[in-house]
Amino acid sequence: MKMPLFVLLAALGCNSNDAPQSTSSVELLNVSYDPTRELYQDENAAFAKAYERDHHVTVTIKQSHGGSGKQARSVIDGLGADVVSLGLAADIDAIADKGLLAKDWQSRLPDHSSPYTSTIVFLVRKGNPKGIADWGDLVKPGIAVITPNPKTSGGARWAYVAAWGYALKAGVDPTEFVGKLYTNVPVLDSGARGSTTTFVERGIGDVLLSWENEAYLAKEQAKDAGFEIVVPPRSVLAEPPVAVVDTVAQKHGTAEVAKAYLEFLYTDEGQQIIAKHHYRPRSAKVATDLPKLELFTIDDLGGWTKVSATHFADGGTFDQIYGK
Amino acid sequence: MRRLLIGIALGFMALFVVVPLATVFASAFRDGISAYVHALGDSEARSAIKLTLLVAAIAVPCNVVFGLAAAWAITRFQFPGKRVLVTVIDLPFAVSPVIAGMLFVLLFGARGWFPGSHIVFAVPGIVMVTTFVTVPFVARELIPALEARGPAQELAALTLGASPWQTFWRVTLPNVKLSLVYGAILCTARAVGEFGAVSVVSGHIRGETNTVPLHVEILYNDFHYQAAFAVATVLVWIALATLVIEQALRWRMRRRR
Amino acid sequence: MQVEIEALSKAFGEYPALDAVTLTIPEGELVALLGPSGSGKTTLLRAIAGIEVPEAGRVKFGGIDVTEVPIQRRQIGFVFQDYALFEHMNVGDNIAFGLSVRRAPREEIAARVRELLALIQLDGLAGRMPRELSGGQRQRVALARALAPRPRLLLLDEPFGALDARVRRELRRWLRRLHDELHITSVFVTHDQDEAFAVADRVAVMNQGRVEQVGTPADVRGQPATAFVREFLDVQE
């Protein structure tokens, strides 16, 4: 009996990474930035359960984590991400520039495609011996500041922007201020998590410029060390965005599930998990005990396109500062 | 004088080998044996171990075959491009592993010369890059061994009517057995422990494209320090296993004589 | 089996090792290639074996052109100056090698090994490793190994060069006796004229890649054909 080839293939459950997947189980790859490991572990479990319940489809989500810039470059080089959840919009813009997703990606989900936000705070040692309270304290001589490399880490770029924004508001020359800040940095790790490890495990530095959620995590993990979180009066509203990588999702046939996955992050359940992991949820309905502070956004500095080109491109302000 | 030299050698060993190893094991067992076993039994740890073993199981035999062929060609024949071959064999030593990894991304990445090949950010890329960085070990052990022997015994075999293949199997190979084993051990150790090159081509997909060294880094960065050291001991076990195999082979060779 | 060498030439880079050499080795004879170092005698021997490939000329075994035939198919026995025994095999396996690569039956090989061990007077030493033997013993094993597959031509490259004088004289006599018993066509290379004249049926004196004279020991000594031959023999005497 002759069987049409596609029936045979379907029967064999052909599930090569490239072929459209059979309908009873789906696999997604979420390429994310450094500090979101614990967050997505919980989100993925919750989403899989909900989706199975509603659609009777088993969803397995694989995770990859690393510095935001580095991850973006990997996706451009062919890492098959159905979904990206990176540290800043500029990194996803870079992927869009290469044609892997639509240029208007940021308007496809609410809140500039950022279901959660965070900010940059200071993590200091027990008792805050150096008395750090605000950005101005970071440039004092003898203070060792730990922050990652803006070329590879999203968190590092937010920290840079936060420092720049502080200097502008405080009326000091931002180039000089940020320059003095980086002079006080002994080690430049490639990712936010690497910097956290340098500060916590290796005991280097007096203050860590950290994602807010990372700071809470570090404090919990190293309970005995007694780290303290110092929230400056003013910082940047970091908006880490998420997006479906259209070309990849279409190739894998996962576009629908990927969209549902990202939309899940905005639901009550998704937002609660966000709050649980010390991110700032978008939904007003979800309670959070994170402190209120004055937050400015990247748009106040001209938007990521302008900031990236001016500061983080080759030969930009960061290169000039650090090159010295 | 002799005691001084032995003392220095032992001191060096103690400082750079024994103490770090002891630290790794102490940290791995810090929370007890059940925590150790649990760390190794974790599904991501298990898939990392499987991937590392798979990579070694492919890279080492490939390089043994290539090393034998290249060493024999270089020491027994004259051919155009011989110097190029010797240089190519040494290339992985000269090049930083990270550059080696970048080479593969440039060749097989989406923006590379052979796009869409499913090599980088997947297991084939990890296998290929590991094979690349371990190319020199076997060849470089065999070349001096073959050169020292000279072709006399092989010519004798030919005059006695042996075909080139028979000559290789019955005369050449048994004479370089020890060098071959040693080269294979070095190759295995490097294949199992390679970090930089693999890190570049891996994609770091948890449970899929992380080898043991990459997984150790992940655990460390996730604040799971005890688990990180526990998984690190896997590399020590693999090293011990290769040494045991080497001793067994040597013992068998001695017995034959 | 008669060996004919016709206008054989071989150069190593600029250096002409063999210069259109023509020579006939009569069947069943033991011929010595005699000359100073650099005369081309070893190159000629290796060319007959197929180890060196000539640029011009032909080599014939029993009338058949073997110039293009690879070493392993020439059915020769070769005894190297440094013995080249297989160090990782014992004496018995060394001797058996030529037969075992032809996949001869095991009993046949064992019988032949025993036969040869008796011939070289090393009975009972089949299990020894080469490194456990003296120089003279190893040379005899090398000879037995070359003879085991019943070659039609035996080639020896300064076979006694590495041994002391007393052992050399003994082995010399022993080689002659062996040849008288087996009658295999044999060619051996030496720079020692006493050895050549004591052992060989015929001597070919070589110089700078050419054969100066061929003849029985009496002929060559009695009537040296060229000035070189005269001087070479005189000096030694």
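Residues numbered from 1 in each chain as written. Chains lettered and ligands numbered in written order. Predicted model: local features only at pLDDT ≥ 70, side-chain atom pairs only at ≥ 80, totals over all residues. Heavy atoms only, no water.

**Re the side chain of Ser 68 of chain A**
Residue and element names in this part refer to chain A. Note on placement: Ser 68 falls in helix α3 (residues 68-76). Separated by 2.4 Å, the side chains of Ser 68 and Asp 91 make a polar contact. If we skip the residues at most four places from it in the chain, Ser 68 touches Tyr 33, Leu 86, Gly 87, Leu 88, Asp 91, Thr 152, Ser 153 and Gly 154. (Helix = DSSP H or I, 4+ residues; strand = E, 2+ residues; numbered from the N terminus. Polar contact = N/O pair within 3.5 Å; in protein donor to acceptor, adjacent residues only side chain to side chain. Contact = heavy atoms within 4.5 Å.)

**Section: the packing of helix α2 (residues 91-100) of chain C against helix α3 (residues 106-119) of chain C**
All names here are of chain C. It is at 9 Å that the axes of α2 and α3 come closest, and there the two elements cross at 125 degrees. With respect to each other, α2 and α3 are oriented oblique. Both α2 and α3 take part in a crossing whose hand is right-handed. Along the contact surface, α2 presents Val 91, Gly 92, Ile 95, Ala 96, Leu 99 and Ser 100, while α3 presents Ile 109, Arg 112, Val 113, Leu 116 and Leu 117. Tallied by class, the residues present in the contact of α2 with α3 amount to eight nonpolar, two polar and one charged. (Axes fitted to C-alpha atoms, helices over the stretch in contact; angles between N-to-C directions. Parallel < 35°, antiparallel > 145°, perpendicular 65-115°, else oblique. Left-handed = near helix turned anticlockwise from the far one by under 90°. Nonpolar A, V, L, I, M, F, W, Y, C, P; charged D, E, K, R; others polar.)

**So, the pattern of salt bridges**
Enumeration over the complete set of coordinates arrives at 41 salt bridges over all chains. The partner of Arg 280 of chain A in a salt bridge is Glu 212 of chain A, and the shortest N-O contact between them spans 2.7 Å. Residue Arg 280 of chain A is found in strand β10 (residues 280-281), and its partner Glu 212 of chain A is found in helix α9 (residues 212-221); the two are separated by 68 residues along the sequence. For Arg 280 of chain A, a relative accessible area of 12% corresponds to the buried category. The closest approach of N and O atoms between Asp 19 of chain C and Arg 210 of chain C, which form a salt bridge, is 2.9 Å. Taken together, the residues Asp 19 of chain C in strand β2 (residues 15-25) and Arg 210 of chain C in strand β10 (residues 210-215) connect sequence positions 191 residues apart. On the basis of relative accessibility, which here comes to 35%, the residue Asp 19 of chain C falls in the partly exposed class. Because the salt bridges share partners, they merge into one network encompassing Asp 34 and Arg 37 of chain A together with Arg 206 and Asp 222 of chain B. (Salt bridge = Lys/Arg side-chain N within 4 Å of Asp/Glu carboxyl O. Buried < 20%, exposed > 50% of the residue type's maximum accessible area, 1.4 Å probe, protein only.)

**Description of the pairing of β2 of chain C**
Residues and elements named next belong to chain C. Across seven bridges, the pairing between strand β1 (residues 3-12) and β2 is antiparallel. The partner of Phe 12 across the bridge, within β2, is Tyr 15. Between β1 and the antiparallel strand that follows it, β2, lie two residues; Gly 13 among them carries a positive phi value of about 65 degrees. (Pairing = 2+ DSSP bridges.)

**Overview of unusual backbone geometry**
Despite not being glycine, Asp 111 of chain A has its phi angle at roughly 55 degrees, a positive value. Along the chain, the position of Asp 111 of chain A falls in helix α5 (residues 110-113). Positive phi outside glycine occurs at Gln 208 of chain C, with the angle close to 50 degrees. By the secondary structure assignment, Gln 208 of chain C is in the loop between β9 (202-207) and β10.

**Side note on a nonpolar patch on the surface**
All names here are of chain B. Nonpolar side chains collect at one region of the surface, where Phe 12, Met 13, Leu 15, Phe 16, Val 17, Val 18 and Leu 21 lie side by side and expose about 670 Å² of accessible area between them. Topologically, Phe 16 is positioned in helix α1 (residues 2-28). You can call Phe 16 exposed: its relative accessible area is 51%. (Patch = residues over 30% accessible without salt bridge, like charges linked within 9 Å, V, L, I, M, F, W, Y side chains within 5 Å. Areas by Shrake-Rupley, 256 points an atom, 1.4 Å probe, with all protein chains shown as cover.)

**A look at the interface of chain A and chain B**
Interfaces are often sized by the accessible area lost when the parts come together. The partner chain B presents 19 residues to the 27 residues of chain A that form the contact. Roughly 2000 Å² is buried in total at the junction of chain A and chain B, and carbon and sulfur atoms are behind 54% of that figure. Three residues stand out in chain A for area buried against chain B, namely Arg 37, Asp 77 and Glu 201 of chain A, and they jointly supply 24% of the buried area on that side. At the boundary of chain A with chain B, the tally comes to two salt bridges. When the shortest N-O distance is used, the salt bridge between Arg 37 of chain A and Asp 222 of chain B registers 3.1 Å. Every element with two or more residues in the side of chain A that touches chain B is listed here: β1 (25-32), α2 (37-55), β2 (58-65), α3, α8 (192-200) and α9 of chain A. Top contributing element to the side of chain A that touches chain B by residue count: α8 of chain A, with five residues. Its residues placed into classes, the side of chain A that touches chain B shows seven nonpolar, nine polar and eleven charged. (Buried area = accessible area lost by both parts, 1.4 Å probe.)

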